[in-house]
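Given next are the chains, with one letter for each unit.
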Amino acid sequence: MTSKPTIHRFPREHEGAFVNAYLVETESSVVAVDSLLTVSESRALRAGVQRLGKPLQAVLLTHSHPDHYGGLTELVAGDDVPIIAPQGVIDIIARDDEAKEQILRPMFGDEWAAERTFPNAPIRDGESVTIDDATFTVIDLGPSESAHDSPWVFGQDERTVFLGDQIYGRKHCYLADGFHEDWLRNIQTLSERFPDDTVFHIGHGGPATPADWDWQRRYIETFLDAVEAADWSNREQANAEVATAMKRFLPTDELSFLMELSIEPVAQQLGLLSHGH
Ligand SMILES: [Zn+2]
């Protein structure tokens, strides 16, 4: 008799958690999905593996952002574990890590790992990883919420998905990478792919359901409208206007700094800053 794989979410205190990672416990092994950002939280994730008393057989990454790969060093703890992602995710992490170091070191100090570990095992779109009776199939999305995204479908029935940040669980969102058009297109495609009873394990908050695709689309559209509508002759005021509009749409401060970091990059991208005020 085999037991069904169990999904454990981290950090164990979900309330107010900045970012999620998951441990999938199979008959004889553990598979991690993402690795959190900070040294302490990723160390606690590793302790979660130890507590299960089974070897970590693989780590799967959902996209190229540092809050999902920054904890890899503590998670694998020197073990020779395949860290699996599409080549595009691997390349973006290698390309951007030094820039992330410049941003995150002042914010997080020693909680941003001194030595980062990168994914080391490329996988192609539609290929699967099977550990015991658990099968994970990657969707190589390309640019979406980050510069390269790779949700994982769990199981053969396609009812459970590790979605990464394609849907945020009613928290403010990061759009600064500038791929909102791809993101909106992917929302359309993914929303048509999965049935109504699918459970999405996501990077921030959740779990989410297919009904949340609509919320995510509206969040992005509301943000774009707010950036367009702001008076960019006064940058400071324009930033405040967009932040106010978004907090009207979503009255919470949770992850609002990610949204605030996105305002000027998107204004730049939309050509609203081109007159050099
Ligand atoms: Zn994230």
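Procedures and definitions
Residues numbered from 1 in each chain as written. Predicted model: local features only at pLDDT ≥ 70, side-chain atom pairs only at ≥ 80, totals over all residues. Heavy atoms only, no water. Axes fitted to C-alpha atoms, helices over the stretch in contact; angles between N-to-C directions. Helix = DSSP H or I, 4+ residues; strand = E, 2+ residues; numbered from the N terminus. Parallel < 35°, antiparallel > 145°, perpendicular 65-115°, else oblique. Left-handed = near helix turned anticlockwise from the far one by under 90°. Contact = heavy atoms within 4.5 Å. Nonpolar A, V, L, I, M, F, W, Y, C, P; charged D, E, K, R; others polar. Pairing = 2+ DSSP bridges. Salt bridge = Lys/Arg side-chain N within 4 Å of Asp/Glu carboxyl O. Buried < 20%, exposed > 50% of the residue type's maximum accessible area, 1.4 Å probe, protein only. Polar contact = N/O pair within 3.5 Å; in protein donor to acceptor, adjacent residues only side chain to side chain. Right-handed = clockwise from strand over helix to strand, strands pointing away.

1. Some details on the packing of helix α7 (residues 235–249) against helix α8 (residues 256–269)
At step 1: Contact pair α7 / α8: the axes reach a minimum separation of 10 Å and the direction vectors enclose 135°. The pairing of α7 with α8 is recorded here as oblique in orientation. For α7 against α8, the interelement crossing comes out right-handed. Contact residues: α7 offers R235, N239, V242, A243, M246 and K247, while α8 offers S256, M259, E260, I263 and E264.
At step 2: A per-class count over the contact of α7 with α8 returns 5 nonpolar, 2 polar and 4 charged.

2. Re the sheet that holds strand β9 (residues 152–154)
At step 1: Read across the open sheet, the 5 strands follow the order β7-β8-β9-β10-β11; overall the sheet is mixed. Looking at the sheet topology across the chains shown, the edges are occupied by β7 (128–131) and β11 (199–202). Neighbour to neighbour, the strand axes of the sheet diverge by 25° on average, direction disregarded.

3. Observations regarding the pattern of salt bridges
At step 1: In total, this model carries 18 salt bridges according to the counting rule given.
At step 2: Taking the shortest distance from any N to any O, the salt bridge between D79 and R46 comes out at 3.1 Å. With D79 in the loop between α3 (72–76) and β5 (83–85) and R46 in helix α1 (residues 39–52), the pair connects residues that are 33 residues apart, well separated along the chain.
At step 3: Given a relative accessible area of 39%, D79 falls into the partly exposed group.
At step 4: Close ionic contact of R193 with E158 constitutes a salt bridge, the shortest N to O distance being 3.1 Å. In this pair, R193 is assigned in helix α5 (residues 180–193) and E158 in the loop between β9 and β10 (160–164), connecting sequence segments 35 residues apart.
At step 5: Judged by relative accessible area, R193 falls into the partly exposed class, the value being 38%.
At step 6: It is possible to trace a salt-bridge network through shared partners that takes in D97, E101, R105 and R116.

4. Describing the packing of α5 against helix α6 (residues 212–229)
At step 1: Across the interface, α5 lies against α6 with an axial gap of 10 Å and an inter-helix angle of 160°. With respect to α6, the element α5 is oriented roughly antiparallel. The handedness of the crossing between α5 and α6 is left-handed. Side by side, α5 and α6 meet where H180, W183, L184, I187, Q188, L190 and S191 of the first sit next to W213, Q216, R217, I220, E221 and L224 of the second.

5. Quick look at the sheet that holds β5
At step 1: Read across the sheet, 6 strands follow the order β1-β2-β3-β4-β5-β6 without closing on themselves; strand pairing throughout is mixed. Because the sheet does not close on itself, it has two edges, and the strands there are β1 (6–10) and β6 (121–122).
At step 2: Of the pairings in the sheet, the one linking strand β3 (residues 30–33) to strand β4 (residues 56–60) comprises 4 bridges and is parallel in character. Counted as the bridge partner of A32 is V59 from β4.
At step 3: Those strands touched by α1 are β1, β2 (21–25), β3 and β4, and its axis lies near 10° from that of β2.

6. Brief notes about the side chain of H172
At step 1: By the secondary structure assignment, H172 is in the loop between β10 and α5.
At step 2: Classification of H172 as buried rests on a relative accessible area of 0%.
At step 3: Side-chain polar atoms of H172 contact the backbone oxygen of L250, separated by 3.2 Å.

7. A closer look at the pairing of β11
A regular strand places its side chains on the two faces of the sheet in alternate fashion.
At step 1: The sheet contact formed by β10 and β11 spans 4 bridges and is parallel. Paired with T160 across the bridge in β11 is V199.
At step 2: Traced from β10 through α5 to β11, the parallel crossover comes out right-handed.

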